[in-house]
Amino acid sequence: MMDSFERKYPSNRIRITVTGIVQGVGFRPYIYRLATECGVTGSVRNDGRGVEIDAQGARVEEFVRRIPLEAPPLVLITDLVTEELESGNADSFTIIPSRGSAVSSAMIPADVATCDDCLHELLDASDRRHRYPFINCTNCGPRYTITQSIPYDRPSTSMNRFAMCEDCAREYHDPGNRRFHAQPNACPVCGPRLLWRRNAQLHGEDVDLEGDPALHAALHDLREGRIVAVRGLGGYHLAADARNERAVHLLRVRKQRYEKPLVVMVRNLDAARRLCHVSETEAALLSSAQRPAVILRQRTDNGIAPSVSLENPTLGLMLPYTPLHHLLMLGDCDALVMTSGNVSEESICIDIDDAELRLEQIADGFLHHDRDILQRCDDSVLRVIAGVPRPVRRARGYVPRPVLLRAELPSVIAVGAELKNTLCVSKGRAAFLSQHIGDLESFETLRFFEETLDHLLRIFDVHPQALAHDLHPEYLGTQWANGQLGDASLRFADLPRIAVQHHHAHLAACLAENGTDEPAIGVILDGTGYGTDGSIWGGEFLVGNSAGFWRAGHFAQLAMPGGERAAREPWRMAYAAMRALNSIEAARIFPEWLARRSAEEIAAAEFAMESGTNAPRTSSCGRLFDAVASLTGLCDIAHFEAQAAIRLEFAADESVRQPYGFELRAEAQQGMMSLTENPGMAGMPAATSIVLSFLPAIQEIIKDMRIGKSVAEISARFHATIIEGCAAVVDRIAMETGIRTVALSGGSFQNALLLQGLIEALHKRKYAVLTHSQVPTNDGGVSLGQAVIAHAKLRG
Ligand code: ZN
Ligand code: ZN
Ligand code: FE
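Because the structure is a prediction, the values reported are computed rather than measured.

Here is what the cut-offs are and how they apply
Residues numbered from 1 in each chain as written. Chains lettered and ligands numbered in written order. Predicted model: local features only at pLDDT ≥ 70, side-chain atom pairs only at ≥ 80, totals over all residues. Heavy atoms only, no water. Donors = N, O, S within 2.8 Å, 3.2 Å for Na, K, Ca; no water. Tetrahedral: all angles 85-135°; square planar, octahedral: opposite > 155°, others 65-115°. Buried < 20%, exposed > 50% of the residue type's maximum accessible area, 1.4 Å probe, protein only. Axes fitted to C-alpha atoms, helices over the stretch in contact; angles between N-to-C directions. Helix = DSSP H or I, 4+ residues; strand = E, 2+ residues; numbered from the N terminus. Parallel < 35°, antiparallel > 145°, perpendicular 65-115°, else oblique. Left-handed = near helix turned anticlockwise from the far one by under 90°. Contact = heavy atoms within 4.5 Å. Nonpolar A, V, L, I, M, F, W, Y, C, P; charged D, E, K, R; others polar. Salt bridge = Lys/Arg side-chain N within 4 Å of Asp/Glu carboxyl O. Pairing = 2+ DSSP bridges. Phe/Tyr/Trp six-rings, centres within 6.5 Å; stacked < 30°, edge-to-face > 60°. Lys NZ or Arg CZ within 6 Å of the ring centre and 35° of its normal. 1 Å grid on protein atoms, 1.4 Å probe; cavity = no way out; pocket = protein on both sides within 12 Å on 5 of 7 lines; lining within 4 Å. Points joined across faces, edges and corners; volume = space filled by probe spheres on them.

(A) The arrangement of the coordination of the zinc ion (ligand 2) in detail. For the zinc ion (ligand 2), the full set of protein donor atoms is Cys165 (SG), Cys168 (SG), Cys187 (SG) and Cys190 (SG), at a range of 2.2 to 2.4 Å. With four donor atoms in place around the zinc ion (ligand 2) and angles of 103 to 116 degrees between them, the coordination shape is tetrahedral. Read in sequence order, the donor residues for the zinc ion (ligand 2) give the motif C-x2-C-x18-C-x2-C. For the pair Cys187 and Cys190, one class covers both residues: buried.

This is how it looks when you write it as structure tokens:
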């Protein structure tokens, strides 16, 4: 072997510095075991940067080599540096106390679902933690959500107010114990406890209970069809019996959430399989340490109340991920709606007083506990498409695990998009995306945004050198970045601002999470984004990378009569599409459709378009889906973002693959960005860009509707048309540029039919296809793209 040929460390003693996610994931006990196995003496400790190991012994090289190879699953090593030391005389291997450090880059792990060992103890009547709702160990438990600062040690978590009893302390200090340095270690004697409080406002009675009786009171209420607010890991849930229609309906009415599907928690995988079709990939995802909610196809007559998912053929399921959830699921309800504890679109409640105040009109009772939640974190939501798990909402369980970049880059803050906002701070090779923050449209979410930014900057000790934001001048994030809102951003006043075009950010995010920055053809399909020409983009073919892009093609524009309102009222887009077909007859070409609208509505839309006062033009893919959803009678008014597109997707008969017609034409380049500072780009932008028009399809759809073809067939053919049209444009661009890599991004790719279909079509044409699997394809991934584009600008 190489080792014996040339000794790398003649003294047999080295210092090893390991950075990455190495604290709070059982790394030091692992090192301890490995050292013992290799006969290595010395010590290991946490410091501000990660873990420092002092190792000595004849087999020290083998020891170093094995560290990354056999590390526990939650460990993420970003760097491992060795340095030779003079030989010493340690005669054993020890774990020594953490050292706080001026430089802090140690990563705090994400929250981890209850492990099997802890679950076993939870259910074991002879265990001292039998039925203890806060059982955890080094392999599981709360992390990010209870942490205030680093190093990740008990004093910097919300466990700092609980002094460990003798038994817990013994476990905590024993390197051979599963709870060795498990920071949230606790038991019924010394740890957090449950508290039940009846909502006196709704029930006129006051009952306070603690411990197991509190849990039983909550279970009783759930069984009776009442709504219980449960303090969880990253915030409160509102829980209700998912099989009780009256209860679920009541929850919807009180929460003012009438349309969006609700997530359901079930006992275990078997229970999930009884409700939904679950593939092996989906089963693995459901039971992973992250325990996200997974969007699954429902079985018919599964006994879930109709109000849970309304007309959707899918259902979001998750398995219990805290001991408290396991105990709740042992009750009589085998399926519980577990939706965010908030009113409508506000952010999720985390504090006891705040929950009692804001959920006063919703919850019949509160199941609190006294371990404070320091970071607000919603449940993550994923969907498996084309065999790959893809985040729809990235939060609890995934945050703050970084996306690893290709190279060390200057630190930046990227404020993200307006809808489904996340922010991103980068440091070295790590891009830390925040948890899902929500729509950045109110001061309440802006406050959540600021708190989260502060927290990420603090725990990762980031010193930003630039501030990236969307190109849209009116976005709250842009105004914030420019110091026009509040004064929280004023401390960054000296930093350069970098405005990033929305769809360019989508493209760059997709490249970054796939570990490349080679120029690619970006097919970016989504709702809306501010274009470089000031118009609204959203069906874009961009060629570029983080350094720049040009707009090689786009969907033909449609007017949006009524402006922003058109995004909420798909009938307006249907009208615009018909008018584009035939400006004189307009809606009269489809009288059955026209019958659903009032003369006033049509007159107003007509006026907006005729006068051009309130009818901005857009190349948006989302708005095109809106138009077709209305023409097919699926959705004239949308109650939440993308509702029309979702209905259209679910209506489609997947066996139908025949596309309608579409049209390609050339147009002079507009809104092009300078690429002069980008020598790495293959080819040069063409003088013209390709316009992809779906008006031929619209015409055929109207005809098919009028002769009574099924919506299932029409919808499937519409999807096939988008796929064929996009592939045809990609072919043209590939021919001109020689680029054979296609990156797919944008919110429209949450549509499984569209994503899967386009991946297949492009594979058939022998393209390399890059898609999202680490960050959302929707606007939740935009902050990552903004960050890498800012990096490229700073590099100059
Ligand atoms: Zn455990
Ligand atoms: Zn204890
Ligand atoms: Fe977008």
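(B) Expanded view of the packing of helix 18 (residues 570–581) against helix 20 (residues 599–611). Contact geometry for helix 18 and helix 20: axes closest at 11 Å, N-to-C directions at 60 degrees. What the angle tells us is that helix 18 and helix 20 run oblique. The interaxial crossing formed by helix 18 with helix 20 has right-handed handedness. Here Trp571, Tyr575, Ala576 and Arg579 of helix 18 come into contact with helix 20, specifically with Glu601, Ile602, Ala605, Glu606, Met609 and Glu610. Residues belonging to the contact of helix 18 with helix 20 are distributed by class as follows: six nonpolar, no polar and four charged.

(C) Fine view of the pattern of salt bridges. According to the stated counting rule, one finds 49 salt bridges in the structure shown. Across the pair Glu171 and Arg128 runs a salt bridge, and its minimum N-O distance is 3.2 Å. In this pair, Glu171 sits in helix 5 (residues 166–173) while Arg128 sits in the loop between helix 4 (116–123) and helix 5, placing the two residues 43 residues apart along the sequence. Look at Glu171 and you get buried, because its relative accessible area is 12%. Taking the relative accessible area as the measure of exposure, Arg128 reaches 31% and is therefore partly exposed.

(D) Representation of the pairing of strand 13 (residues 314–318) in the model. Summarising burial for strand 13: five of the five residues are buried, a large majority. In strand 13, alternate side chains face the same way, and those of Thr314, Gly316 and Met318 on one face and Leu315 and Leu317 on the other are all buried. Here strand 10 (residues 263–266) pairs with strand 13 via three bridges, running parallel. Across the sheet, Met265 pairs through a bridge with Met318, a residue of strand 13. By the bridge criterion, four bridges tie strand 12 (residues 293–298) to strand 13 in an arrangement that is antiparallel. When the sheet's bridge partners are listed, Val294 is paired in strand 13 with Leu317.

(E) Layout of the packing of aromatic side chains. Under the criterion given, the structure shown has 10 aromatic pairs. With 5.6 Å between their ring centres and 65 degrees between their planes, Tyr132 and Phe134 make a pair best called edge-to-face. Residue Phe134 is classed as buried on the basis of its relative accessible area, which comes to 3%. Ring centres of Phe541 and Phe555 lie 6.2 Å apart, and the angle between their planes is 40 degrees; on these two criteria the pair is classed as tilted. Taken together, the residues Phe541 in strand 24 (residues 536–545) and Phe555 in strand 25 (residues 548–555) connect sequence positions 14 residues apart. Accessibility expressed as a relative area gives 0% for Phe541, which makes it buried. Judged by its relative accessible area of 1%, Phe555 falls in the buried class. Grouping aromatic residues by their ring pairs yields a cluster made of Phe449, Trp480 and Phe492. The ring of Tyr767 carries the charged tip of Arg740 above its face, separated from the ring centre by 4.1 Å.

(F) Geometry of empty space enclosed by the protein. A complete count under the given rule lists eight cavities of 30 Å³ or more for this structure. What the largest cavity holds in volume is close to 140 Å³. Around the largest cavity, the lining is made up of 13 residues, and of these Arg406, Leu409, Asp517, Ser546 and Val788 lie nearest the centre. Sorting the residues of the lining of the largest cavity by element identifies strand 18 (403–409), helix 16 (502–513) and helix 26 (782–795) as the ones contributing at least two each. Element by element, the count of residues in the lining of the largest cavity is highest for strand 18, at four residues. A class-by-class count of the residues in the lining of the largest cavity yields seven nonpolar, three polar and three charged.

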